[in-house]
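# Chains, contacts and geometry: an overview
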Amino acid sequence: MINAAVLGACGRMGSLIIENITSSTNMQLVAAFDVGNIGRDAGEFAHVGNLGIQISDVKDLETVLKKTQTEVLIDFTIAGATIVNAPVAAGCGVNLIIGTTGLTPEQRAVIDEAIRKNKVRAVISPNYSVGVNVFFKIVREAAKYLADYDIEIIEAHHNQKKDAPSGTALRAADVISEVLGGKEYVYGREGIAPRGKEIGIHAVRGGDITGDHSVLFVGNSERIEIRHMAHSRQIFAKGAVRAAEWVCGEEPGIYNMDDVLGL
Ligand SMILES: NC(=O)c1ccc[n+]([C@@H]2O[C@H](COP(=O)([O-])OP(=O)(O)OC[C@H]3O[C@@H](n4cnc5c(N)ncnc54)[C@H](O)[C@@H]3O)[C@@H](O)[C@H]2O)c1
């Protein structure tokens, strides 16, 4: 049995991840962390009944990870929390699954360094859904043939999402940029600005949209639109638990969902 812990345990994603861990046959929840609801049972938020695992204060991360012999920590919180907590967990020899989005390149570099220095294993992905990672692959393939087309990315999420544009939209832009060579990104459009060869990235926020992403390749007289629409957050939670099970059997290093899924 792999000993797993969840950071952001009371959140939309954290609670779903706990639900998925409880139905896993080779992983067990040994700890759950958040900034509030300390002392309440983690199962309460995951709607799976009493698990006998209380929400621990994230301030006690190091002590609790060591005491519970946690092997993998799944973190879906906010960038400001992940930048502090991921190095602490890595320092305890704990493997990491990082789902938090909105990390700056500088924050990402600090996290990568902590993972490498402590020789732990990590999967870091802005999107743990199988479908989205196949979507990235299709986008990469299309970009090879459509270099001259105007490229726009449009994403839509619920009104509680804190960061914009989404990590998935940025990853789609990076995938295209890797194929076509350093592309400039333009976020939203306002005022008078001629279109160049940049990638336009646009964010919509409203209601309870789980997560939609469209990549448009627009030429004269035609366009191709590649779209992924998430119907439920379960796709991310299932992918994160799958990544956690997978990474514990790998060599130390930093992996993404292409590695987990063998894409
Ligand atoms: N990679 C993916 O597949 C994927 C999918 C969905 C969401 N996300 C990302 O996951 C993150 C969480 O999303 P959500 O919808 O669950 O948000 P949420 O606001 O519902 O949950 C975040 C949780 O983190 C907790 N938290 C905040 N600061 C903390 C800290 N310092 N220490 C510990 N816990 C802390 C909050 O109390 C809350 O319970 C976001 O960055 C989101 O973009 C990633």
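Residues numbered from 1 in each chain as written. Predicted model: local features only at pLDDT ≥ 70, side-chain atom pairs only at ≥ 80, totals over all residues.

### Comments concerning the domain arrangement of the protein
As far as domains go, the protein holds domain 1 (2-124 + 234-261) and domain 2 (130-230). Distance between the C-alpha centres of domain 1 and domain 2: 28 Å. Taken together, the contacts link eight residues of domain 1 with eight residues of domain 2. At the level of secondary structure, the elements contributing two or more residues to the side of domain 1 that touches domain 2 comprise helix 8 (234-247) and helix 9 (257-261). Considered class by class, the residues forming the side of domain 1 that touches domain 2 number four nonpolar, three polar and one charged. (Domains from an automatic or database assignment. Contact = placed C-beta atoms within 7 Å. Helix = DSSP H or I, 4+ residues; strand = E, 2+ residues; numbered from the N terminus. Nonpolar A, V, L, I, M, F, W, Y, C, P; charged D, E, K, R; others polar.)

### Topic: the sheet that holds strand 5 (residues 95-98)
One open sheet accounts for seven strands, arranged 3-2-1-4-5-6-12; its pairing is parallel. One side of each edge strand has no neighbouring strand; the edge strands of this open sheet are strand 3 (55-57) and strand 12 (253-255). Across the sheet, the mean angle separating the axes of adjacent strands is 25 degrees when strand polarity is ignored. The pairing of strand 2 (residues 27-34) with strand 3 spans three bridges and is parallel. The residue of strand 3 that forms the bridge with Phe33 is Ser56. Contacts from helix 1 (residues 12-22) reach strand 1 (2-7), strand 2 and strand 4 (72-75), with the element oriented near 160 degrees to strand 2. Relative to the sheet, helix 8 contacts strand 1, strand 2, strand 4, strand 5, strand 6 (121-124) and strand 12, its axis offset from that of strand 5 by approximately 155 degrees. (Pairing = 2+ DSSP bridges. Axes fitted to C-alpha atoms, helices over the stretch in contact; angles between N-to-C directions.)

### Section: unusual backbone geometry
The peptide bond linking Ala164 to Pro165 adopts the cis configuration, its omega dihedral lying at -5 degrees. Along the polypeptide, Pro165 turns up in the loop between strand 7 (150-157) and helix 7 (167-180). At His47, a position not held by glycine, the phi torsion is positive, near 55 degrees. Note that His47 resides in the loop between helix 2 (42-46) and strand 3. Overall, the presence of 10 C-beta atoms within 10 Å leaves His47 in the exposed class. Positioned with a positive phi, Ser221 is a non-glycine residue whose angle comes to about 80 degrees. (Buried ≥ 20, exposed ≤ 12 C-beta atoms within 10 Å, placed from the backbone.)

### Regarding the packing of helix 4 (residues 79-91) against helix 5 (residues 105-117)
Two quantities define a packed helix pair, namely the angle between the axes and the distance from one axis to the other. Across the interface, helix 4 lies against helix 5 with an axial gap of 8 Å and an inter-helix angle of 10 degrees. The angle between helix 4 and helix 5 falls in the class roughly parallel. Touching Ala79, Ile83, Ala86, Pro87, Ala90 and Gly91 of helix 4 are Gln107, Val110, Ile111, Ala114 and Ile115, all from helix 5. (Parallel < 35°, antiparallel > 145°, perpendicular 65-115°, else oblique.)

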